[in-house]
Each structure stands twice: as structure tokens, then as C-alpha cells.
Amino acid sequence: MENYAIVIFILAVMIGLSAIADRIKIPYPILLIIAGIAVGFIPSLPPIDINPEIIFLIFLPPLLYDAAFNISFKEFKTNINTILTLAITLVFITAIGIAVVAHYIIPGMSWPVSFVLGAILSATDAVAAMSITKGLGLSHKTNTILEGESLVNDASALVAYRFAVAAVTGTAFVFWKASLEFVLLMAGGFLTGMVMSKILAFIIKRIHNNRLATISFILLMPFVTYLIAEQVHVSGVIAVVILGLGISRFSNKVFPEQLKNQSKNIWDIIIFLLNGLIFILIGLQFPYVYKNISGTDILPYIGYSLVITIIALLLRMARVFLQKFNLQKAFQKGKHRITEGALLDFKNSLIISWSGMRGIVSLAIAIGLPATLSDGSAFPQRNAIIFISVVVVLFTLIGQGLTLPWLVKKLATEED
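Residues numbered from 1 in each chain as written. Predicted model: local features only at pLDDT ≥ 70, side-chain atom pairs only at ≥ 80, totals over all residues. Heavy atoms only, no water.

This is how it is decided: UniProt positions are given in the numbering used here, feature names are shortened, and annotations may be inferred rather than shown by experiment.
With an unreviewed UniProt entry as reference, the chain is termed Na+/H+ antiporter, source organism Pedobacter riviphilus. In its Function (unreviewed entry) section, the UniProt record describing the chain reads: "Na(+)/H(+) antiporter that extrudes sodium in exchange for external protons." Quoted verbatim from the Sequence similarities (unreviewed entry) field of UniProt, the annotation for the chain is "Belongs to the monovalent cation:proton antiporter 1 (CPA1) transporter (TC 2.A.36) family."

Okay, here's the thing in C-alpha cells:
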């Protein structure tokens, strides 16, 4: 009953603050995170542990599915080169960059542990990107690239994380095996998503006159798809994304308008509640990890987190502007089937660079670090990794999240 009361209290706070955020013109995720931090420091409140499996099973499938369902497949296809560059290449570049910085600035952090931290913070977050950029009037192209990147890059980050943890535990790292496993995870996820979307389409064709049954199947299928993919050891993230893209295309042909609207209304409520809970939980984790760090280490670790945040942002900006240059060059030479619609301008490139916020996936991965190694010894610098990860997530969400609306307005004014 105590946990039930806490959940109800958090939901009430979340709904109230979301309404206030609209009034004071602040992105509601920022307000929810700050509230979560404040609530977490209440002395009588019991510590709230996040189970990473709950995050991946309860939160991730519906949020990924909703984003994939609403994304423009045509725009996604047009910008696939940029999306894959950011979702795969940039993830591994960021993981390596953060690992190098962490190894040299954080005392006693070995290379394998540094790569664990780099992998945790390597991917941007779909929930954060969509929640904070919503309502800013970004172009359809920019939104598609941000959403598309965030949908795919979780799979890349999870693979990088898995191999980094294996290196810490003493498992030998073989590059070609790691590359093959990555390809199999992605391809297996793609295939699972395709099969499940065909099965769902087959079912919906025969029951679409029954609205409740149709919407119920649509609500259930992301969870089923994610579970099946994870059970067969392929990427559940990619499987759910492919499911969403497939059903989005199918729904345009089959769903009557009334069913679409009814389904959208239900999804909007679910996504609103899940989003709100995620940002409150991110805030709640700071006091929890704060108590596990020595008082003398707090300020140095916050400093390390700030440096890592800046490095991640600079790497992202460099890769995005390099992609802008490469697309322009390929288009001028008529190579690689690059269309004019795939080109990036300065405004799009800067907004995409500044929108690379970390979020709940990074947090869940960090908290999910094993407490002990196979020999029974403690995982090296586990508390430090979790604390730095949480602080970097807060820096990106609050820092970039608060300045992004100003940046968008500034660029729009200069363009006018």
C-alpha cells in the first residue's frame, strides 16, 4: 500500500506540473525532473529503486512503437543515410570519445570501465528528444531525423554496453565476433518486427470492424514483439520500431478515420503518463545515487560529468556538420542516390546537434550494471559510473532542454 500511495502521489504531481509547465512556457520534462529531484530529498520518502527490466519492458515498447507509428515513412526513407549515420556511427564514436576522456580525467578508471561509461552515455533518448522538441515548430525533416535516430540508436548503445561489460568481467573481446553479433542482433530484430507486423496486419484485417478488439491488439503487440525478440536474443528495440513502421503504413490503407482518432486518443493518454513518469523517475534517482557517493567526491564527479557532457555535444556537432558536408558533396556528384530533400542546411544541423539529450535508457542501463563480477568481487567504480551517468542525463536534459527553445527562436528570427 505504501508503494501504491507513492505512485499515486507521483502521478498527481506529474499531471499538475504538466499543466503548470504549459502556463509558464517551460518544457514539461524539465519541470518534472526538477520536481523529482526535490521529492527525492524528502527525508520520510523511502528510496525508490528503478528495475531496469521494468524500464525496458513497460516503458520502452509503447514509447518506441508510438514514435515509429507516427513517423513519416517517406521522410524516414529520404533521410535514412543521416539517421543511420547518427544512430550507428555516432553512437560508437561517442562511446569511444567519452571513454578516452573518462580514462584520463577520472582517477583510477581503467579502459574497460571507461568504455562501460562511454557505452551508457553514447545514445540520445527518443522520449527526451520528442518531449522537449514538441511544440517548437521544428521542420518535419528535423523531427524525422531526431526521432529516427533515437529509435535506432538504443540498439547500437545496448550492443556497445554489452561488449564493454564483457571486457570488465574478463571476457575476451574479438572484433569480428562483436561485429557479427551486432549485425545478427539488428537483422534478427528487423526480421522479428516484420513478421509480427504481418501477423498483426492479418489479425486486424479480419477484426477491424470491432474497434475495441482492434485497439486492444494494437496496444498489446509492442509488448509481445519486444518479449519475443528478447527471448530469441535479437534486438527488441529494432523489432518494435519495425512493427510501428509496418503498422503505420498498413493503417493508412485499412483504418477508418474514426478508428484512427479513437486509437490516437488512447495512445496520447498512455504516452503522456509514461513520459511524465519517466522524467519524474529520472529526477528521483539523483538523491538516491547522491547518498551513495562520498561527500568529497561529489563536486569532482559533477565536474567530470560536465566535461563529458561538453565532449559528447562537441562530437555530435562535428559528426552532424560532417554529414552535412558529405551529403552536399555526394549530391553535387550525383552519387549514392542522395536527393535534394536529404540535404541538411545550417539551421537543421545546429538544431539536430543541440537536441542530442540523454534520458531514461542511459539511466536504466547504468542502474542495471551488475553489482559483482563472476569471481564475486564488486564491479569496479559502479557507484561512480551511476552517479556520473545520472548527472550527465540531468545536464543534457536541463541544460540543452532549456536552451533549445531559445536556439530555435533565435534561428527562426535570423532566418526571417
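1. A word on the nonpolar core
When a protein is soluble and globular, its nonpolar side chains tend to lie buried together. Which entries qualify depends on this criterion: Remark: nonpolar core denotes a set of buried residues (Ala, Val, Leu, Ile, Met, Phe, Trp, Tyr, Cys) joined through side-chain atoms within 4.5 Å. Exposure classes here rest on a 1.4 Å probe applied to the protein chains alone. A residue is buried below 20% of its type maximum, exposed above 50%, and partly exposed in between. Put simply, DSSP H or I for four residues or longer makes a helix, DSSP E for two residues or longer makes a strand, and each gets a number counted from the N terminus. By definition in these notes, contact holds between two residues if any of their heavy atoms fall within 4.5 Å.
The biggest cluster of nonpolar side chains holds 130 residues, and the ones touching the most others in it are V116, L117, I120, I282, I385 and L397. Sort the elements by how many residues they give to this core and helix α16 (residues 382-415) lands first, with 15 residues. For L117, the contacting residues outside a window of four places in its chain are I98, A102, I106, M109, I308, I385, I388 and S389.

2. A look at the layout of surface pockets
Our working rule: Put plainly, a pocket is an open set of points on a 1 Å grid over the protein atoms alone with protein on both sides within 12 Å along at least five of seven lines, a cavity is a set where a 1.4 Å probe fits but cannot get out, and a lining residue has an atom within 4 Å of a point. Grid points are joined across faces, edges and corners, and a volume is the space filled by probe spheres set on the points. Here the term charged refers only to Asp, Glu, Lys and Arg, the term nonpolar to Ala, Val, Leu, Ile, Met, Phe, Trp, Tyr, Cys and Pro, and the term polar to all other amino acids, Gly among them.
In this structure, the largest pocket encloses a volume near 1200 Å³. Taken together, 34 residues make up the lining of the largest pocket; nearest its centre are M130, S131, T133, K134 and G135. Of all elements in the fold, only α1 (2-24), α3 (52-70), α7 (126-133), α8 (140-168), α12 (257-290) and α16 reach the threshold of two or more residues within the lining of the largest pocket. Among the residues forming the lining of the largest pocket, the class breakdown is 16 nonpolar, ten polar and eight charged.

3. Observations regarding the packing of aromatic side chains
The cut-off we apply is this: Working definition: a ring pair exists when centres of Phe, Tyr or Trp rings (six-membered ring for Trp) sit within 6.5 Å. Plane angles under 30 degrees give stacked, over 60 give edge-to-face, the rest tilted.
Summed over all chains, the structure comprises eleven aromatic pairs. Their ring planes at 45° and their centres at 6.2 Å tell us that Y301 and F387 sit as a pair that is tilted. Here Y301, found in helix α13 (residues 295-333), pairs with F387, found in helix α16; they are 86 residues apart in sequence, far enough to count as distant. Geometrically, the ring pair formed by F321 and F346 is tilted, given 5.7 Å between the ring centres and 50° between the ring planes. One end of the pair, F321, is in helix α13; the other, F346, is in helix α14 (residues 346-354), with 25 residues separating them in the sequence.

4. Considerations on the environment of P405
Structurally, P405 can be placed in helix α16. By relative accessible area, which is 14% here, P405 ends up buried. Discounting residues that sit within four places of it in the chain, P405 has contacts with P27 and L136.

5. Some points on the packing of helix α2 (residues 28-40) against α12
Applicable threshold: Each axis is a line fitted through C-alpha atoms, and for a helix only the stretch in contact is used; angles between axes span 0 to 180 degrees, taken between their N-to-C directions. Roughly parallel here means an angle under 35 degrees, roughly antiparallel means over 145, roughly perpendicular means 65 to 115, and every remaining angle is called oblique. Less than a right angle of anticlockwise turn of the near helix away from the far helix marks a crossing as left-handed, whereas a clockwise turn marks it as right-handed.
Orientation of α2 relative to α12, taken along the N-to-C sense of each, is 40°, at an axis distance of 7 Å. When the axis of α2 is compared with that of α12, the two are oblique. Seen from above, α2 lies across α12 with right-handed handedness. Here Y28, P29, L32, I33, G36, I37, V39 and G40 of α2 come into contact with α12, specifically with N275, G276, F279, I280, G283, L284, F286 and P287. Split into classes, the residues belonging to the contact of α2 with α12 amount to eleven nonpolar, five polar and no charged.

6. Details of unusual backbone geometry
Although it is not a glycine, H233 adopts a positive phi angle of roughly 65°. Structurally, H233 is set in the loop between α10 (211-231) and α11 (236-254). Taking the relative accessible area as the measure of exposure, H233 reaches 65% and is therefore exposed. The phi angle at Q381 is positive, at roughly 55°, despite the residue not being glycine. Take Q381: it is sitting in the loop between α15 (360-367) and α16.

7. Side note on the packing of helix α6 (residues 111-120) against α8
The contact between α6 and α8 brings their axes to 8 Å, and the two run at 165°. Comparing the axis directions of α6 and α8 gives the class roughly antiparallel. The two elements α6 and α8 cross, and the hand of that crossing is left-handed. On α8, the residues that touch P112, V113, F115, V116, A119 and I120 of α6 are A157, A160, Y161, A164, V165, A167 and V168. The class makeup of the residues in the contact of α6 with α8 is 13 nonpolar, no polar and no charged.

8. Notes on the side chain of S197
As for its position among the elements, S197 is in helix α9 (residues 175-207). Given the relative accessible area of 7%, S197 is considered buried. When near neighbours in sequence (up to four residues on either side) are disregarded, S197 contacts L243, G246 and I247.

9. With respect to a positive patch on the surface
Worth spelling out the cut-off: Like-charged residues within 9 Å of one another, or nonpolar side chains (Val, Leu, Ile, Met, Phe, Trp, Tyr) within 5 Å, are grouped into patches, provided each residue has over 30% relative accessible area and no salt bridge. Computed by Shrake-Rupley with a 1.4 Å probe, the accessible areas treat only the displayed protein chains as cover when residues are assessed. By convention in these notes, a salt bridge is any Lys or Arg side-chain nitrogen within 4 Å of a carboxyl oxygen on Asp or Glu. Counting rule applied: Lys, Arg positive; Asp, Glu negative; His and chain ends not counted. Charge placement uses NZ in Lys and CZ in Arg. For Asp and Glu, CG and CD serve respectively.
Taken together, K77, K198, K205, R206 and R249 make up a surface patch of like positive charges. Looking at the positive patch element by element, the count peaks at three residues for α9. Mapped onto the elements of the fold, R206 is located in helix α9. Classification of R206 by relative accessible area gives exposed; the value is 57%.

10. Some details on the side chain of T142
With respect to the element layout, T142 can be found in helix α8. If sequence neighbours within four positions are ignored, T142 has contacts with N348, I351 and I352.

11. Focus on a nonpolar patch on the surface
Together, I96, V100, Y104, I105, W111 and V307 give the surface a local cluster of nonpolar side chains, amounting to about 530 Å² of exposed area. With four residues, the single largest contributor to the nonpolar patch is helix α5 (residues 80-105). By the secondary structure assignment, V100 is in helix α5.

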